[in-house]
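Here are the chains, one letter per residue:
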Amino acid sequence: MSDFPDRIEELIREISSLPGIGPKSAERISLCILSKNESEVEKFVNIIQKAKENMHLCPVCFNITDKERCNVCTDSKRNHSIICVVEEVRDLFAIEKGKYYDGVFHVLHGRIDPMNHISPENLKMKELVKRVSEEDVKEIIIATNPNFNGDITALYIQRLLKPYDIKITRIATGLPKGTEIDFVDSVTLSMAIKDRKEI
Ligand SMILES: [Zn+2]
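The sections below set out a description of the structure shown in this document. These numbers come from a predicted model, not from an experiment.

### A word on the coordination of the zinc ion
Distances from the zinc ion to its protein donors, namely Cys58 (SG), Cys61 (SG), Cys70 (SG) and Cys73 (SG), fall within the range 2.3 to 2.4 Å. Bound by four donor atoms, the zinc ion shows angles of 99 to 116° at the metal and therefore tetrahedral coordination geometry. Read from N- to C-terminus, the donor residues coordinating the zinc ion fall into the pattern C-x2-C-x8-C-x2-C. Cys61 shares its class with Cys58; the two are buried.

### Some words on the packing of aromatic side chains
Taken as a whole and judged by the stated rule, the model has one aromatic pair. When the ring of Tyr101 is compared with that of Phe105, the centres are 5.1 Å apart and the planes differ by 65°; the resulting orientation is edge-to-face. Here Tyr101 and Phe105 have matching classes, each one buried.

### Things to note about the packing of helix 1 (residues 6-16) against helix 2 (residues 23-35)
Put simply, helix 1 and helix 2 touch, their axes get as near as 8 Å, and they point 125° apart. Considering their axes alone, helix 1 and helix 2 lie oblique with respect to each other. When you trace helix 1 past helix 2, the crossing you get is right-handed. Across the interface between the two elements, Ile8, Leu11, Ile12, Ile15 and Ser16 of helix 1 pack against Pro23, Ala26, Glu27, Ile29, Ser30, Ile33 and Leu34 of helix 2.

### A closer look at the sheet that holds strand 6 (residues 167-170)
Pairing is mixed across the open sheet formed by five strands, whose spatial order is 4-3-5-6-7. Every other strand in the sheet has two partners, leaving strand 4 (103-107) and strand 7 (197-198) as the edge strands with one partner each. Taken strand by strand, helix 6 (residues 148-160) contacts strand 3 (79-86), strand 5 (139-142) and strand 6, and its axis lies near 175° from that of strand 6.

### A word on unusual backbone geometry
You will see that Lys99, though not glycine, has its phi angle at about 55°, which is positive. Considering the arrangement of structural elements, one finds Lys99 in the loop between helix 4 (89-97) and strand 4. Using a relative accessible area of 75% as the deciding quantity, one classes Lys99 as exposed. A positive phi angle is found at His117, which is not glycine, with a value near 55°. With respect to the helices and strands, the residue His117 is situated in the loop between strand 4 and helix 5 (125-134).

### Some words on the pattern of salt bridges
In the structure shown here, the tally under the stated rule is eleven salt bridges. Among the ionic pairs, Asp66 bridges to Lys67, the shortest N-O distance being 3.9 Å. Judged by relative accessible area, which is 47%, Asp66 ranks as partly exposed. Among the salt bridges present, the one from Asp151 reaches Arg170, with a minimum N-O distance of 2.8 Å.

About the thresholds
- Residues numbered from 1 in each chain as written.
- Predicted model: local features only at pLDDT ≥ 70, side-chain atom pairs only at ≥ 80, totals over all residues.
- Heavy atoms only, no water.
- Donors = N, O, S within 2.8 Å, 3.2 Å for Na, K, Ca; no water.
- Tetrahedral: all angles 85-135°; square planar, octahedral: opposite > 155°, others 65-115°.
- Buried < 20%, exposed > 50% of the residue type's maximum accessible area, 1.4 Å probe, protein only.
- Phe/Tyr/Trp six-rings, centres within 6.5 Å; stacked < 30°, edge-to-face > 60°.
- Axes fitted to C-alpha atoms, helices over the stretch in contact; angles between N-to-C directions.
- Helix = DSSP H or I, 4+ residues; strand = E, 2+ residues; numbered from the N terminus.
- Parallel < 35°, antiparallel > 145°, perpendicular 65-115°, else oblique.
- Left-handed = near helix turned anticlockwise from the far one by under 90°.
- Contact = heavy atoms within 4.5 Å.
- Pairing = 2+ DSSP bridges.
- Salt bridge = Lys/Arg side-chain N within 4 Å of Asp/Glu carboxyl O.

Structure (structure tokens):
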């Protein structure tokens, strides 16, 4: 047990709830924030608030954006007939980092997870079907995580889109089972997309 005052404990708890930050790092970050002067802290809080205020989901692909539609959807140089389906916005950014994928995206905002009562209705599935039926889509690349929940989500999408005349592929090669896409390096991820298999 640490001897931090309650307020600081609260701050540490809050920061350690962020992804990828363990208790030790949360402690260091909290103490670093507290060592700053008032105006520095205010500036920091303002930046977070401003980022949050101006952000919303792109109505087409559900990426985050501060414009009407996101940078990917408004880019006319990209191939809008290929849609890569990912679980989270962070997966989209992981793929974008590699700069090899030139199609567009669809962010589900989660995965089917029976243990946690997350069903297709809780995800952007209806919206995906709407895009496939209304836009000129030739291929859907399913890039959900290669683990149990990601696989059942992929299977669900495959069945859902079966009635449509499109190619459905799943990224696979090089991705270790049970891994999460946003932790995979961009070379492996680019291979996984390049070597996608039709399902
Ligand atoms: Zn978009």
